[in-house]
Amino acid sequence: MKNSTSAAPAPQVPAPLKNAPSRPEPRPKRSTGSRIGELVQRQGVLAVLLTVILIASFVYPTFASLDNARGVTVQASFLAIVALGMTLVIITGGIDLSVGSVFALGGVLAAWASQWGFLAAMLVPLVVCGAIGLVNGLLIARANMAPFIVTLASLLAARGILLAFTDEGATTYLVPKDSAFAELGQGSVWGFGSPILIALVLFGAGGLLLQRTSFGQTLFAVGGSSDAATLMGLPVARTKILVYTLSGLLAGLAGALNAARLSSGVTIVGVGMELDAISAVVIGGTLLIGGAGSISGTLWGVLLLAVIQNLINQIGSLNSSYQSVVSGGFLIVVVVAQRYLARSRRTT
């Protein structure tokens, strides 16, 4: 009997899946014009700032001195802190017109409270100014009131509280000399004033918050479309409340640092500061309609306005009102450029 060996079955090759997923199509490449437009919107103000500094340094030798740089950056640090909060507000599609009056109120409250020590001088303005920002946020987010109207009312209310607290400006509260609070505004680290370092730390934290956290992404989403952000389940109302509260806190902090720097609570400061802050933010590339912006752009915008003011002082024959003319011109150019770039990106 012969041993028969059965042949091994041939390996079956699996049939190709009919519904196999296809490779994802590559994203369409953006045009060169679109990339250049986005770069100009983000970094154009830095190029303008560097150009102005370079030209001014050649024309006026004292402009490039270290002492002048210290003076410019110290003066700009207070506006920078206020503009940081304004950036977060505008990215969400809002506006805060109260920051100038809140800045002045924070300075007066800090000078008044400084007689009880450093902690009181810092906490009192932060609590009061933060409360004003909180009320703004609640009325805007919960009552659906227009940010322009709410913050305009807060501007008038904060200025009224300031005048009532100082007897129509007749009373000036002084910061005790050689106190820790005065040292905060007048001290220096590595040759630069403490307010400069505080502003830089806050901008660094603001940049991380905006770019590296879910809260920052929520800000862009809310500014892009509040309705779409709501459908996505994002906390739109809470986000708006937080940004207006932060704006009030930062304005109060800047006012307190300014009072420490001046050793007194000056009542006439902050007039028109909200317009300077908005100008710096928009010049820095943040869209007024919300949904796009950057912290670094705001910093360059603040420095550009400060350099223009200093350059006008260097000329000598021009008064400070020319700064408003130049700032307004920059603002118009930037807004027109933003509209053009946004339209070109939609068509490409």
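Residues numbered from 1 in each chain as written. Predicted model: local features only at pLDDT ≥ 70, side-chain atom pairs only at ≥ 80, totals over all residues. Heavy atoms only, no water.

### Some remarks on the overall build of the chain
No. 1: From N to C terminus, the chain includes 13 helices and two strands.
No. 2: A burial count over the chain gives 44% of its 348 residues as buried.
No. 3: Counted over contacts in the chain with a minimum sequence separation of 6, partners at least 24 positions apart contribute 76%.
No. 4: In the structure as shown, the chain presents an accessible area of about 18,800 Å², 65% of it carried by carbon and sulfur atoms. (Helix = DSSP H or I, 4+ residues; strand = E, 2+ residues; numbered from the N terminus. Buried < 20%, exposed > 50% of the residue type's maximum accessible area, 1.4 Å probe, protein only. Contact = heavy atoms within 4.5 Å. Areas by Shrake-Rupley, 256 points an atom, 1.4 Å probe, with all protein chains shown as cover.)

### Re helix α4 (residues 118-141)
No. 1: Under the 1.5 Å per step criterion, the end-to-end length of α4 is 34 Å for 24 residues, consistent within 8% with the ideal 34 Å.
No. 2: Tucked inside the fold, the buried residues of α4 contact α3 (99-113), α5 (147-165), α6 (180-186) and α10 (236-262). (Expected span 1.5 Å × (residues − 1).)

### Considering α10
No. 1: Taking 1.5 Å per residue, 27 residues should reach 39 Å; α10 reaches 39 Å between its end C-alpha atoms and fits that length.
No. 2: Following α10 by one or two positions, Ser 263 has its phi on the positive side, about 65°.

### Side note on the confidence of the model for the chain
Fine structural detail should not be taken from predicted coordinates in areas where pLDDT scores are low.
No. 1: In the predicted model, the chain carries a mean pLDDT of 83, and 81% of its residues have values of at least 70.
No. 2: The least confident element of the chain, judged by mean pLDDT, is helix α13 (residues 321-347) at 67; the most confident is α4 at 95.
No. 3: Low pLDDT, under 50, characterises residues 1-8; the predicted model gives this stretch zero contacts beyond four residues in sequence or across chains.
No. 4: Per-residue pLDDT stays below 50 along residues 16-27; that stretch engages in zero contacts with residues further than four places along the chain or on separate chains. (pLDDT = per-residue confidence, 0-100.)

### A closer look at the packing of aromatic side chains
No. 1: In the structure shown here, the tally under the stated rule is three aromatic pairs.
No. 2: Considering the side-chain rings of Trp 112 and Trp 116, the 5.0 Å spacing of their centres and the 75° angle between planes classify their relative orientation as edge-to-face.
No. 3: Looking at Trp 112, the relative accessible area reads 27%, which means it is partly exposed.
No. 4: The interplanar angle of 85° and the centroid separation of 5.3 Å between the aromatic rings of Trp 112 and Phe 165 together place this pair among those described as edge-to-face. Of this pair, Trp 112 sits in helix α3 while Phe 165 is found in helix α5, placing the two residues 53 residues apart along the sequence.
No. 5: An aromatic cluster is defined as three or more aromatic residues linked by ring pairs; in this entry it consists of Trp 112, Trp 116, Phe 165 and Tyr 173. (Phe/Tyr/Trp six-rings, centres within 6.5 Å; stacked < 30°, edge-to-face > 60°.)

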